[in-house]
Amino acid sequence: MPSFLPLSFSVIYSPPLPHAVTDFSYIPAGTATVDVLVLDTNDSPPRFTKSFWKAEVEESVEPSIPNRTILNVTVLDDDETNNFYFEIPEAYEVASDMFIIEAIGDGIGAIRLAKPLDFEDPSQRLGFEFQIVVSDVGEVAAEAHTASAWVEIRIKDVNDNAPVFKEDSIEVNVSEKMIIGSAISTFVATDVDNEGRGKISYTIDPKSDKMGHFSVSSEGTVKLRRPLDRETIPRHLILIKASDEGIPQKTSTANLTVNVLDENDNAPRFSRAYFPILPENQPSRKLIEVSAVDDDDATRGNGPPFHFALDISSSTAEIQALFSVEHNATGDNGQGAAVVSSLGSFDREMRKEYHLPIVIVDSGHPPMTGTSTLVITIGDENDNLMRPGEKRVSVYTHKSISQETQIGRIYVHDPDDWDLVDKTFNWSGKPHPNFILDEDSGMITMLAATRSGEYLLEFLVQDHKHSQNNVKANVTVSVIYIPERVVQQAASLRIANITDEFFIQTWYNPANDSVPSKADLFRREISEMVNTDADNVHIFSLKLSKSRPPVTDVRFTVFDGHYFEAGLLSALVMEQKNDIETKLGISIIMIGINECLDESVPCDGSCTSNLVISDEPYLVDANRTSVVSVNVNVIPECACQAIDFSIANVKKQTACRPKPCKNRGKCIREKDGTHCVCPKGLQGPRCQMLTMTFEGNGYSWFPSLATCDKNHISVEFVTVRKHGLIFYNDALTFSREKGHFTSDFILLEIENGQLRFLTDYGSGTIQLRVNGTGNLADGRWHRVDLFLETRSISVEVDHCMTAIVQEPHEQLKGMFDTSSCRAESQVPPYSRYLNLNGPLQVGGIRHYSFQRNPKNTFTPSVQPFSGCIRNLMLNGHFYDFSQPLLHNNTSWKCKPFEEICRGNKGTESNDSFESCSHGTCEGSFHHPVCVCDPGWTGTTCSERTVPAYFGNVSYVKYALSFKPNTYSMNIQLRFRTWELAGVLLHVANQYNQEFGTLQIEDSRLLFRFNTNSHSKEEQIVQLSHVNVSDGEWHLAAVARIGVIVILSLDEGDGNWYNESYRSDSSHLLIDVDLQEGVVVGGKVRYSGVDHLTVDEDYRQGLLYFSKR
């Protein structure tokens, strides 16, 4: 009972009658009120507020238990004073060992962990059920009042255990001829979490298998994905990862060692490079003895002894009559050798070298046969008189000449070319101040600081053996400057079986007529293609990239008042390749030199070919010509420069030179940098043309898609024709060896109104169709997104707005069904990258190489496109349609819409459509609408928008009269401020748990969002390299579709564009609150009664919404 009970009552006082009358004062009778306190005693027992307590607790992930409370219980007691004491009776030994219970307040007991919980422990898996006792006198004793209750604690399994491999290290031996797809070994892993029923996924660490030789199935079986080669990699050390499906995911690793056993699959070859010289005018003799080597494992019988013979089938009758090849079984320590002898006398002036094909057979099973060519040079004897000669020297430089440079030797017409010891060279008259002559060798050196121009040098040559004096030799030197940017972006070829010297060498035929060099013929072919003079074609770089067999790299450009685009020159060479090869007698194996195309560089991710310019020039000296080349090297790098947006590459231009604005855009220089004022119809910070019309019988060529290991290509189109090519791109790499070429390509087209995508990474064609979107040839704009990675590809139409979306709720799982709008596939082994260097052909095909790959099992329709294509973007960069390499029957902008807007073409809704005065006409061919330029609004974009000024602690809250789309959100507004931070727009659901916020933070524009009300994890898409707090007007646009977010600034790309494509979320919706969910200028919250606080206040700035 309570500690006291106050009682108020009246007391009537009656004094006793006196027995005698004394001298007492008289005391009258009366009444008074008395308060009586009744003291409490411990006479009431405690009682639990519930007789049965339940709790579910996650098992302990950490080994230490920081006094973790898992359940609070409460008791009541009618007595005033209680000293509650809780305990778990000793009868419940296991529970009392695992848990403790303590009083933490008046009538509250806390059950805490004493030891870690482990769901995987069988004794704990079913949980605990036990009694708890409470006493009200400090301990459980006989005189205490007690009460008891039952407690049930269930343990919730968490992902605290990584999968465990049955075997964590396996070593196998396999043949290098193992068939692709064969199983190598199987790994088995288990996970005790989820009672052992958890799903295990297996992957290969890509860093341990950089070339992608192996794959692992969902069952853990490792299979061969790419052919093995013991001579390249004799042992593979592969890391196999097993991951569970828990959150957070747990992963374990096992080792697979694959020892590659040798097979006799390599033909023998010469043991080294031989350079025998046979002097002319000498009788028959033994010339040389050659030996052989074999890359195969000789300990397995694959290799020596070798057998040698002259290859009768490929050698001419002349070779067989002039040389003999005899097998020497005891040569090279019993491994076999060939003795080569001459069978007559030779004249160098008739022929300078002979090529002997020698067949070498090894002793493997089965034996391998190889043919090595022995090049025999006929040595010169000074047995001819010289005559006057002329030489032309071309010196190319990309900067001012800063060092002395050898430019070639003096030339006189003399069939003898090894007679320098008999000759001396002198100036004819006064030496030229820019050049130095070596009188013994005839080498001319150009001095530093020699300017561009043409120089005539005159010399006299003496031949002491023949007593010839003062034979004239003139040398014309042309010094030509090529800008470095042209060098970096020039067209290039790789030619097989020819040296750089032979490419520029001119000859005299038997009639003593000069025969042009292959370089001269090439210049002539290029000049005819572009309708200019051959002197305008500059082969500024020649380099022997491989000596045996010889391979030469050629780089060239055309200057006719301007430098021609490299992509155009490459495209023209591609079209005329067969004709050029026939006329020049050469074999072009690559157009656009790219060391990454054959995937021989072991990169974890992307591969990029970098052009590195050396300060040391590269001299190619032939007889009547020499070229001092710009010395370039192509260095492959494991990086993707196509998406390199680092600070170093995006430093804001502070001057209008070089010109940053395209297409006649006007460059304005300001305090914080420059910006472009664009003509109507052009977009972005650089005034790009992003829309093109195709008439149904045309095409347009652009530079190749510069792909990486992860690529995102997007494009929009509108058409009413059910067939049409959107784009096509392939590789310009041709056969190095018979039957080998790079077959990569990518093709996107509309076929019968449906989307069709074809691609080949080099190991087989993939076809994807999206058939659930209805007819795409409906006169409306549609968007296609392509995602190309090393292992997988996918295609998506219209951001999958037709997908079926169902959010998870309680026991109901979420659903995101994209079957109507998305298709995906795995990349077949063994290639991993899409390697392209041909022109990107948009809207139609002018040159088509699809048929040359026998692996292609799908045939595209490749019909020309009729309609409009816009916003073609690769990895955040727009293609500028204003500067095609080649084009036919195309025009800028979208011509059908322009005709509608000018009232020249009727629509279903009205016979004529009023022009968009300050905007573009979009929508559909049947229902056009005006999309206004920034600063304009209204149906025809004829009304100016009025910006609102936001001062300190200001905001605008919108009450919506419509239900916004929960799956998608489009925001576009313009703002202008000098402030470094502030929220531009905040939209949220009722409890502000799901939201999207467009804001400025540290002068950078960003959009943060969260679509999962059960998680506080937010996603951020930011433009990190553009300052928006510069006092200029900026147009910000956000498109959110589920968890896809696209953020752009000023309609730009590159650093003005960013996107986030997350597909791993089941929460895709934001249910915007109609009354409180849209606020402009900050985040508003109640901080007291009738008192609001504006957080992240956008102040001292202007803002208005822009209609799109």
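Residues numbered from 1 in each chain as written. Predicted model: local features only at pLDDT ≥ 70, side-chain atom pairs only at ≥ 80, totals over all residues. Heavy atoms only, no water.

**Section: the overall build of the protein chain**
Then step 1. Counting its secondary structure elements, the protein chain contains ten helices and 80 strands.
Then step 2. Buried residues in the protein chain amount to 49% of all 1108 residues.
Then step 3. Nonlocal contacts in the protein chain, meaning residues at least 24 apart in sequence, comprise 68% of its contacts between residues at least 6 apart.
Then step 4. For the protein chain, the accessible area works out to roughly 54,100 Å², and carbon and sulfur atoms hold 50% of it. (Helix = DSSP H or I, 4+ residues; strand = E, 2+ residues; numbered from the N terminus. Buried < 20%, exposed > 50% of the residue type's maximum accessible area, 1.4 Å probe, protein only. Contact = heavy atoms within 4.5 Å. Areas by Shrake-Rupley, 256 points an atom, 1.4 Å probe, with all protein chains shown as cover.)

**Concerning the packing of helix H7 (residues 518-530) against helix H9 (residues 577-584)**
Then step 1. Between H7 and H9, the least distance of the axes is 10 Å, while the angle of their chain directions is 150 degrees. The crossing of H7 and H9 is right-handed. Contacts between H7 and H9 involve Lys518, Leu521, Phe522, Glu525 and Met529 on the former and, on the latter, Asp579, Ile580, Lys583 and Leu584.
Then step 2. Of the residues contributing to the contact of H7 with H9, the split by class is five nonpolar, no polar and four charged. (Axes fitted to C-alpha atoms, helices over the stretch in contact; angles between N-to-C directions. Left-handed = near helix turned anticlockwise from the far one by under 90°. Nonpolar A, V, L, I, M, F, W, Y, C, P; charged D, E, K, R; others polar.)

**Here we look at the environment of Lys352**
Then step 1. By the secondary structure assignment, Lys352 is in the loop between strand E26 (337-342) and strand E27 (353-361).
Then step 2. Given a relative accessible area of 33%, Lys352 falls into the partly exposed group.
Then step 3. Along the backbone, Lys352 and Asp380 are 28 residues apart, and their C-alpha atoms lie at a distance of 8.5 Å.
Then step 4. Sequence-distant contacts of Lys352, that is, excluding residues within four places in its chain, are made with Ile376, Thr377, Ile378 and Asp417.

**Points about the packing of H7 against helix H8 (residues 566-575)**
Then step 1. For the pair H7 and H8, interaxial distance at closest approach is 11 Å and the crossing angle is 105 degrees. Considering their axes alone, H7 and H8 lie roughly perpendicular with respect to each other. Each of Ile526, Met529 and Val530 in H7 lies in contact with H8, whose residues at this interface are Leu569, Leu572 and Val573.
Then step 2. Partitioning the contact of H7 with H8 into residue classes produces six nonpolar, no polar and no charged. (Parallel < 35°, antiparallel > 145°, perpendicular 65-115°, else oblique.)

**Brief notes about the environment of Ser428**
Then step 1. Its location among the elements puts Ser428 in the loop between strand E31 (423-427) and strand E32 (435-437).
Then step 2. Judged by relative accessible area, which is 30%, Ser428 ranks as partly exposed.
Then step 3. With residues up to four places along the chain from it excluded, the contact list for Ser428 reads Glu458, Phe459 and Leu460.

**Some details on the state of the cysteines**
What we call a disulfide is simply a covalent bond connecting the sulfur atoms of a pair of cysteines.
Then step 1. Within this structure, the stated rule accounts for six disulfides.
Then step 2. Paired by a disulfide, Cys596 and Cys607 hold their sulfur atoms 2.0 Å apart. Taking the sign of the torsion about the S-S bond as the criterion, the disulfide between Cys596 and Cys607, at about -65 degrees, is left-handed. Highlighted residues: Cys596 in the loop between strand E41 (587-591) and strand E42 (608-613) and Cys607 in the loop between E41 and E42, separated in sequence by eleven residues.
Then step 3. A sulfur-sulfur distance of 2.2 Å marks the disulfide that ties Cys932 to Cys941. Where Cys932 bonds to Cys941 through sulfur, the torsion about that S-S bond is close to -90 degrees, and the disulfide is left-handed. The pair formed by Cys932 and Cys941 is uniform in burial state, with each residue classed as buried. (Disulfide = S-S within 2.5 Å.)

**A word on unusual backbone geometry**
Then step 1. Omega for the bond connecting Pro304 with Pro305 falls within 30 degrees of zero, at 0 degrees, which places this linkage in the cis form.
Then step 2. Position of Pro305 relative to the elements: it lies in the loop between strand E23 (292-293) and strand E24 (307-310).
Then step 3. With an omega of -10 degrees, the peptide bond running from His365 to Pro366 counts as cis.
Then step 4. The phi angle at Cys687 is positive, at roughly 60 degrees, despite the residue not being glycine.
Then step 5. The residue Cys687 is located in the loop between strand E47 (673-677) and strand E48 (691-702) in this model.
Then step 6. Under the relative-accessibility criterion, Cys687 is labelled buried at 0%.
Then step 7. At Asn889, a residue that is not glycine, the phi angle is positive and equals roughly 55 degrees.

**With respect to empty space enclosed by the protein**
Then step 1. Counted according to the given criterion, the structure contains two cavities of 30 Å³ or more.
Then step 2. Taken together, 19 residues make up the lining of the largest cavity; nearest its centre are Tyr396, Thr397, Ile401, Asp615 and Pro617.
Then step 3. Within the residue set of the lining of the largest cavity, elements represented by two or more residues are strand E29 (389-397) and strand E44 (625-629).
Then step 4. At three residues, E29 tops the list of elements feeding residues into the lining of the largest cavity. (1 Å grid on protein atoms, 1.4 Å probe; cavity = no way out; pocket = protein on both sides within 12 Å on 5 of 7 lines; lining within 4 Å. Points joined across faces, edges and corners; volume = space filled by probe spheres on them.)

**Description of the confidence of the model for the protein chain**
Then step 1. Residues of the protein chain with pLDDT of at least 70 account for 88%, and the chain-wide mean is 85.
Then step 2. Counting interchain partners and residues more than four positions distant, the pLDDT-below-50 stretch residues 736-740 has six contacts. (pLDDT = per-residue confidence, 0-100.)

**Section: the nonpolar core**
Then step 1. Counting 52 residues, the largest nonpolar core has Leu493, Phe503, Phe522 and Phe556 as the members making the most contacts within it.
Then step 2. Here the element with the most residues in this core is H8; it accounts for seven residues.
Then step 3. Residues within four places of Phe522 in sequence aside, it is in contact with Leu493, Phe503, Ile539, Phe556, Ile580 and Leu584.
Then step 4. Of all hydrophobic cores here, the second largest spans 44 residues; its members include Cys661, Cys676, Leu836 and Leu840. (Core = buried A, V, L, I, M, F, W, Y, C linked by side-chain atoms within 4.5 Å.)

**So, the pattern of salt bridges**
Then step 1. Taken as a whole and judged by the stated rule, the model has 40 salt bridges.
Then step 2. Between Arg756 and Glu749 there is a salt bridge whose closest N-O contact spans 3.1 Å.
Then step 3. Judged by relative accessible area, which is 4%, Arg756 ranks as buried.
Then step 4. Note that Glu1001 is salt-bridged to Arg1008, the shortest N-O span being 2.8 Å.
Then step 5. Relative accessible area serves as the criterion here: at 31%, Glu1001 is assigned to the partly exposed category. (Salt bridge = Lys/Arg side-chain N within 4 Å of Asp/Glu carboxyl O.)

**Overview of the sheet that holds strand E33 (residues 443-446)**
Then step 1. What the three strands build is an open sheet, ordered E30-E33-E32; its pairing is antiparallel. In this open sheet, the two strands that pair with only one neighbour each are strand E30 (405-409) and E32. Along the sheet, successive strands turn relative to each other by an average axial angle of 25 degrees, direction set aside. (Pairing = 2+ DSSP bridges.)

**Remarks on the environment of Leu1035**
Then step 1. Mapping Leu1035 onto the fold places it in strand E74 (residues 1034-1041).
Then step 2. Judged by relative accessible area, Leu1035 falls into the buried class, the value being 6%.
Then step 3. Remark: the alpha-carbon pair of Leu1035 and Phe975, spanning 60 residues in sequence, is separated by 6.8 Å.

**Points about the packing of aromatic side chains**
Then step 1. Throughout the structure, instances matching the rule amount to 24 aromatic pairs.
Then step 2. Between the aromatic rings of Phe559 and Tyr563, the centroid separation amounts to 4.6 Å while the plane-to-plane angle is 50 degrees, which identifies the pairing as tilted.
Then step 3. Accessibility expressed as a relative area gives 21% for Tyr563, which makes it partly exposed.
Then step 4. The ring of Trp701 carries the charged tip of Arg846 above its face, separated from the ring centre by 5.8 Å.
Then step 5. Positioned over the ring face of Trp781 is Arg870, at 3.8 Å from the centre of the ring. (Phe/Tyr/Trp six-rings, centres within 6.5 Å; stacked < 30°, edge-to-face > 60°. Lys NZ or Arg CZ within 6 Å of the ring centre and 35° of its normal.)

**Re the side chain of Asp380**
Then step 1. Residue position: Asp380 is located in the loop between strand E28 (369-379) and E29.
Then step 2. Among buried charged residues, Asp380 stands out as having no salt bridge; its nearest opposite-charge side chain is Arg348, 4.4 Å away.
Then step 3. Apart from the residues lying within four places of it in its own chain, the contact partners of Asp380 are Glu280, Arg348, Glu349, Asp416, Asp417, Trp418 and Asp419. (Lys, Arg positive; Asp, Glu negative; His and termini not counted.)

**Regarding the pairing of strand E50 (residues 724-730)**
Then step 1. Most of E50 sits inside the fold, with seven of its seven residues counted as buried.
Then step 2. Here E50 runs beside strand E51 (residues 745-751); their pairing, made up of six bridges, is antiparallel. Residue pairing across strands places Asp730 opposite Phe745, the latter belonging to E51.
Then step 3. In terms of strand pairing, E50 meets strand E59 (residues 840-842) through two bridges, oriented antiparallel. Following the sheet pairing, Tyr728 is matched in E59 by Gln841.

**Considerations on a nonpolar patch on the surface**
Then step 1. A contiguous nonpolar patch, built from Phe502, Trp507 and Val515 and spanning about 230 Å² of accessible area, is present on the exposed surface.
Then step 2. We classify Trp507 as partly exposed; its relative accessible area is 33%. (Patch = residues over 30% accessible without salt bridge, like charges linked within 9 Å, V, L, I, M, F, W, Y side chains within 5 Å.)

**A few points about H9**
Then step 1. Listed in full, the buried residues belonging to H9 are Lys577, Ile580, Glu581 and Leu584. Down the axis of H9, the buried set is contained in an arc of 100 degrees. They therefore lie on one face. In H9, the exposed positions angled more than 90 degrees off the buried face are occupied by Asn578 and Thr582.
Then step 2. Against H7, H8 and E41 lie the buried residues of H9.
Then step 3. Note on H9: the residue one or two positions beyond its end, Gly585, has a positive phi of about 70 degrees. (Arc of directions from axis to C-beta.)

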